[in-house]
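Residue-level structural notes
Chain by chain, the residues:
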Amino acid sequence: MGVKSKIVVFDFETGGLDCQKNPAVELGLITMDQITLEEEIQYETLIKPYKSISGDPLVLEQRAFDVHGISQARCEREGRTTEEIVRQLIALFKKLRPPRDTTGLNKPILSGHNVMFDVGFLDYIFKIHNEKLSDYVLSNNGQIIAWDTQQIAGMAWNTSGEGKYNLGACSEKAGLGNFLAHSALSDVRITADLLRYFLRSFRQGKTTGTVSSGNSETKVKQREKIVSNHKVRFQF
């Protein structure tokens, strides 16, 4: 079996929805082996208040605080600076990359639930310190390649595109139990469990996706196509 990229499942708690106006306040991250799906490294930190690229203060909105309860005062007191976090993450991403990978195809691959939201915050924090996230994680012409468990759930469970796919709903549907929502590391752990659930199902040639009405032969062909598309998309 060839070398496969390590998986980095991560999540931010943030001060709002705009990475250029609102800060990230907490980061949770675990790394997984793509073959065994076992957890390898855990990283968790609050994030000290920081400024935008243009030097403007970032605003922690009240509605965001009401969700996660993380204050800027606590971040200032207990958090790491973004400079320290970027330095530590670069060291981690380099560690996860096979030493003989000269093509960049085995850089670690980011994963999360609605992951491109979190990628936006991580990419912006890297840019603040004149670093390119795409230099360290799997990307294509500078565009980050990431596995989104929300998107996977949509494909696996309802090919019509309808359904509720927030993390709590997906966890319940997959039978993963309850978890402490809006805590970065707790969200990461349930996201990693959800990713394992899908990867194992797809590797076994299974999918729980719905198919359109029709005779049983048509349904079987549709399910086979769903599984085949998953394998191509997610490199199983």
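The structure this text deals with has already been given above.
Notes on the structure follow.

Definitions and limits used
Residues numbered from 1 in each chain as written. Predicted model: local features only at pLDDT ≥ 70, side-chain atom pairs only at ≥ 80, totals over all residues. Heavy atoms only, no water. Phe/Tyr/Trp six-rings, centres within 6.5 Å; stacked < 30°, edge-to-face > 60°. Buried < 20%, exposed > 50% of the residue type's maximum accessible area, 1.4 Å probe, protein only. Helix = DSSP H or I, 4+ residues; strand = E, 2+ residues; numbered from the N terminus. Salt bridge = Lys/Arg side-chain N within 4 Å of Asp/Glu carboxyl O. Core = buried A, V, L, I, M, F, W, Y, C linked by side-chain atoms within 4.5 Å. Contact = heavy atoms within 4.5 Å. Pairing = 2+ DSSP bridges. Axes fitted to C-alpha atoms, helices over the stretch in contact; angles between N-to-C directions.

Digging into the packing of aromatic side chains
Considering all chains together, one arrives at eight aromatic pairs under this definition. Measuring from ring centre to ring centre gives 6.0 Å for Phe 10 and Phe 12, while their planes differ by 90 degrees; the resulting arrangement is edge-to-face. Across the pair, Phe 12 and Phe 10 agree in class, each one buried. Seen in terms of ring centroids, Tyr 197 and Phe 198 are 5.2 Å apart; in terms of plane orientation they differ by 75 degrees. Their pairing is edge-to-face. The exposure class assigned to Phe 198 is buried, which follows from its relative accessible area of 2%.

Some thoughts on unusual backbone geometry
Of note in the backbone geometry, Asn 130 takes a positive phi value of approximately 60 degrees without being a glycine. Tracing the chain through its elements places Asn 130 in the loop between α4 (115-128) and β5 (139-140). The phi angle at Asn 141 is positive, at roughly 55 degrees, despite the residue not being glycine. Examined against the element boundaries, Asn 141 turns out to sit in the loop between β5 and β6 (143-144). Overall, Asn 141 belongs to the exposed group, its relative accessible area being 76%.

Digging into the pattern of salt bridges
Following the criterion strictly, the structure yields eleven salt bridges and no others. Glu 84 is the salt-bridge partner of Arg 80, the closest N and O atoms lying 3.8 Å from each other. Its relative accessible area of 25% is what places Glu 84 among the partly exposed residues. A salt bridge links Asp 193 to Arg 196; the shortest N-O distance between them is 2.8 Å. Residue Asp 193 and its partner Arg 196 are both found in helix α7 (residues 184-203); the two are separated by three residues, about one turn of the helix.

Here we look at the nonpolar core
Phe 10, Phe 12, Leu 89, Phe 93, Leu 110, Phe 126 and Leu 133 are the most contacted members of the largest nonpolar core, which has 31 residues in total. Those elements giving two or more residues to this core turn out to be β1 (7-14), β2 (24-32), α3 (82-96) and α4. Ignoring sequence-local partners within four residues, the contact set of Leu 110 consists of Val 8, Phe 10, Phe 93, Val 119, Leu 122, Leu 133, Val 137, Ile 144, Ile 145, Ala 146 and Trp 147. Within the second largest apolar cluster, 25 residues are counted, among which are Trp 147, Ile 152, Ala 156 and Leu 185.

Things to note about the sheet that holds β2
Taken in spatial order, the five strands line up as β3-β2-β1-β4-β7 in an open sheet, and their pairing is mixed. In the strand order of this sheet, the two ends are held by β3 (39-46) and β7 (146-148), each with one partner. Each strand axis lies, on average, 20 degrees off the axis of its neighbour in the sheet, ignoring direction. As paired strands, strand β4 (residues 109-112) and β7 are joined by three bridges and run parallel to one another.

Concerning the pairing of β1
In terms of burial, β1 is largely enclosed, as eight of its eight residues are buried. The side-chain alternation of β1 yields two buried faces, one formed by Ile 7, Val 9, Asp 11 and Glu 13 and the other by Val 8, Phe 10, Phe 12 and Thr 14.

Concerning the side chain of Ser 183
Looking at where Ser 183 falls in the secondary structure, it is placed in the loop between α6 (167-173) and α7. Setting aside residues no more than four positions away along its own chain, Ser 183 makes contact with Glu 13 and Glu 26.

A few points about the environment of Asn 114
The residue Asn 114 is located in the loop between β4 and α4 in this model. Separated by 33 residues in the primary sequence, Asn 114 and Trp 147 have C-alpha atoms spaced 9.1 Å apart. Beyond its immediate sequence surroundings of up to four residues, Asn 114 is in contact with Asp 148 and Gln 150.

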